[in-house]
Amino acid sequence: MVDKQLALEWYRKMALIRRFEEKCAEGYAYAKIGGFLHLYIGQEAVAVGAIGALNDDDDIVTHYRDHGHAIARGLDTNALMAELYGKATGCSKGRGGSMHFADASKHFWGGYALVGAHLPLAVGLAMASQYKGENRLAMAIFGDGSTNNGGFHESLNMAAVFKLPVIFLIENNLYSMGVALHRDSSISDLYKRAASYGIHGEAFDGMDVQAAYEATKRAVEHVRAGNGPVLLEAKTYRFRGHSMADPEMYRSKEEVEFWKQKDPITTWKARCVEAGIATAAEFDEMEAAANREAEESVKFADESPEPELSTLCDYIYANPIGQTEYQPV
Ligand SMILES: Cc1ncc(C[n+]2csc(CCOP(=O)(O)OP(=O)(O)O)c2C)c(N)n1
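Now for a quick tour of the structure. (Residues numbered from 1 in each chain as written. Predicted model: local features only at pLDDT ≥ 70, side-chain atom pairs only at ≥ 80, totals over all residues. Heavy atoms only, no water.)

Our focus in this paragraph is the overall build of the protein. Counting its secondary structure elements, the protein contains 11 helices and eight strands. In terms of overall dimensions, the protein has C-alpha extents of about 55 × 50 × 40 Å along its principal axes. The burial tally for the protein puts 50% of its 329 residues in the buried class. Across the protein, every contact between residues at least 6 apart in sequence was considered, and the portion connecting residues at least 24 apart equals 73%. Summed over its atoms, the accessible surface of the protein is roughly 15,000 Å², and 53% of this surface lies on carbon and sulfur atoms. Measuring between centres, the 33 positive side-chain charges of the protein sit 2 Å from its 46 negative side-chain charges. (Helix = DSSP H or I, 4+ residues; strand = E, 2+ residues; numbered from the N terminus. Buried < 20%, exposed > 50% of the residue type's maximum accessible area, 1.4 Å probe, protein only. Contact = heavy atoms within 4.5 Å. Areas by Shrake-Rupley, 256 points an atom, 1.4 Å probe, with all protein chains shown as cover. Lys, Arg positive; Asp, Glu negative; His and termini not counted. Charge placed at Lys NZ, Arg CZ, Asp CG, Glu CD.)

Spatial ordering of the open sheet is given by E2-E1-E3-E4-E8-E7, a layout of six strands whose pairing is parallel. Both edges of this open sheet fall to strand E2 (108-112) and strand E7 (200-205), since each of them pairs with a single strand only. Neighbour-to-neighbour, the strand axes of this sheet turn through a mean angle of 15 degrees, independent of strand direction. Running over the sheet, helix H5 (residues 119-131) touches strand E1 (59-63), E2, strand E3 (138-143) and strand E4 (166-172) and is turned about 170 degrees from E3. Contacting E3, E4 and strand E8 (230-235), helix H6 (residues 150-161) runs over the sheet at an angle of about 150 degrees to E4. (Pairing = 2+ DSSP bridges. Axes fitted to C-alpha atoms, helices over the stretch in contact; angles between N-to-C directions.)

With that settled, the discussion passes to the packing of aromatic side chains. We describe a pair of aromatic rings using the distance from one ring centre to the other and the angle between the two ring planes. Summed over all chains, the structure comprises eight aromatic pairs. Here the aromatic rings of tyrosine 175 and tyrosine 237 are separated by 6.5 Å at their centres, their planes lie at 75 degrees, and the arrangement is edge-to-face. Taken as a pair, tyrosine 175 in strand E5 (residues 175-176) and tyrosine 237 in the loop between E8 and helix H9 (253-260) lie far apart in primary sequence, 62 residues in all. The pair formed by tyrosine 175 and tyrosine 237 is uniform in burial state, with each residue classed as buried. (Phe/Tyr/Trp six-rings, centres within 6.5 Å; stacked < 30°, edge-to-face > 60°.)

Now for the pattern of salt bridges. Under the criterion given, the structure shown has 20 salt bridges. Linking arginine 19 and glutamate 22 is a salt bridge whose minimum nitrogen-to-oxygen distance equals 2.9 Å. Here arginine 19 pairs with glutamate 22, and both are found in helix H1 (residues 4-29), just three residues apart, close to one helical turn. In this structure, the salt-bridge partner of lysine 235 is aspartate 189, at a minimum N-O distance of 2.7 Å. Of this pair, lysine 235 sits in strand E8 while aspartate 189 sits in the loop between helix H7 (181-184) and E7, and the two are 46 residues apart along the sequence. Classification of lysine 235 by relative accessible area gives partly exposed; the value is 26%. In the salt-bridge network here, residues are joined through shared partners; they are Asp189, Lys192, Glu233 and Lys235. (Salt bridge = Lys/Arg side-chain N within 4 Å of Asp/Glu carboxyl O.)

Examined against the element boundaries, glutamate 287 turns out to sit in helix H11 (residues 280-303). Among the polar contacts made by the side chain of glutamate 287, one reaches the side chain of tyrosine 11 at a distance of 2.6 Å. Apart from residues lying up to four places away in sequence, glutamate 287 is in contact with Tyr11, Ala15, Arg19 and Ile265. (Polar contact = N/O pair within 3.5 Å; in protein donor to acceptor, adjacent residues only side chain to side chain.)

It is worth spelling out the site of the ligand at this point. Lining the immediate surroundings of the ligand are 15 residues, of which Tyr64, Arg65, Gly145, Asn173 and Tyr175 lie closest. Between serine 176 and the ligand, the recorded distance is 3.2 Å, taken from a side-chain N or O atom to an oxygen atom. Burial of the ligand by the surrounding chains reaches 73%, relative to a free accessible area of 590 Å². (Near = heavy atom within 4 Å.)

Turning to the nonpolar core, a few remarks are in order. Of all hydrophobic cores here, the largest spans 70 residues; its most connected members are Cys24, Met81, Leu84, Ile167, Leu169, Phe204 and Trp268. Counting residues per element, this core draws most heavily on H1, which supplies 11 residues. If we skip the residues at most four places from it in the chain, cysteine 24 touches Ile33, Leu37, Leu39, His67, Met81 and Leu84. Counting 22 residues, the second-largest nonpolar core is a separate cluster that includes Phe142, Leu156, Leu190 and Ile199. (Core = buried A, V, L, I, M, F, W, Y, C linked by side-chain atoms within 4.5 Å.)

Taken together, the side chains of Met158, Val161 and Phe162 present a nonpolar region at the surface, about 280 Å² in accessible area. Summarising the element assignment, valine 161 is placed in helix H6. In this structure valine 161 comes out as exposed when scored by relative accessible area, which is 56%. (Patch = residues over 30% accessible without salt bridge, like charges linked within 9 Å, V, L, I, M, F, W, Y side chains within 5 Å.)

Turning our attention to unusual backbone geometry. You will see that histidine 107, though not glycine, has its phi angle at about 55 degrees, which is positive. Tracing the chain through its elements places histidine 107 in the loop between helix H4 (77-84) and E2. Despite not being glycine, methionine 177 shows a phi value in the positive range, around 55 degrees. For methionine 177, a relative accessible area of 54% puts it in the exposed group.

When a strand is regular, its side chains alternate between the sheet's two faces. With six bridges joining them, E7 and E8 adopt parallel strand pairing. Across the sheet, residue aspartate 205 finds its bridge partner in E8, namely lysine 235.

Moving on, we get to helix H10 (residues 264-274). Turning to H10, its buried residues are Pro264, Ile265, Trp268 and Cys272. Looking straight down H10, one finds that the buried residues subtend no more than 95 degrees of arc, so they occupy a single side. Contact partners of the buried residues in H10: H1, helix H2 (44-52), helix H8 (209-224) and H11. The backbone nitrogen of isoleucine 265 lies 2.8 Å from a side-chain oxygen of the residue at the head of H10, namely aspartate 263. Phi for glycine 276, located one or two positions after H10, is positive at around 75 degrees. (Arc of directions from axis to C-beta.)

Below, the structure written as structure tokens:
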């Protein structure tokens, strides 16, 4: 087992992600949150274990199912909930919503809505780090669906050719929207695609936070030693639909139940209690703290101001050209 501090920190973060996202689902039902909302529930061990193995200044670019990654990286939950509520206090000033969480100060360069399109950004960040002789690596996080996309193949190839410090992390939750993995991929062990580029590939149990941490630590060592990129595959599962509008006709209730038995939060707690790392009461306390933080984020978002109408055209170009004030017609 790992040391107590780390074990509890992982639990605290996984519980916070879960509680935060339950509040997101509520906010969506009350129409406080609009647009797309893709929940991460079930996959928490991947974000917490993998991001926990990085340095704080390693760069992260991720896909639209980004809440768990942002919380694991330590973004402020008030600013995240406010972003979902479209408020001026949001991490992207209320402009981005669920799919575009970002915080440059945390080297968290964003959720991206286009499947596979953000992988080249990670390659660029890694290239900049290598060129400047810095020790920073980049992690690109994406779903299994992205591995059939040109951006994936081009990025792996270029990163391999230049031996760039990138970790490509696939969150294989078995579905790409409503399409099962076996229907859109020629192989089911996606990490094996690393062989096409002559780089190291490895799969781990994505329902186990310790496995996620240890596999990523190995990848980090490999990459930082100058051996080029690594392709990691987390075998995981999302417990909720693809997004909030998903009747889930493509999978059975039995299958979902099977995976819920592997819930990364309850299983980690059971393992820790059994190993004598912490008591059930200590876990209850962490649960209560996660609840409080999630509730406070909702209050903060609710009470925050809407963006000013006069700022409507702000942040469209990095350096605004011409008129930036909104002129009602
Ligand atoms: C380039 C592009 N094509 C199609 C879509 C529509 N789309 C949104 S999510 C998604 C499925 C992606 O699945 P996966 O990469 O496995 O990630 P998951 O949702 O399972 O986390 C698709 C096809 C898109 N956003 N971008």
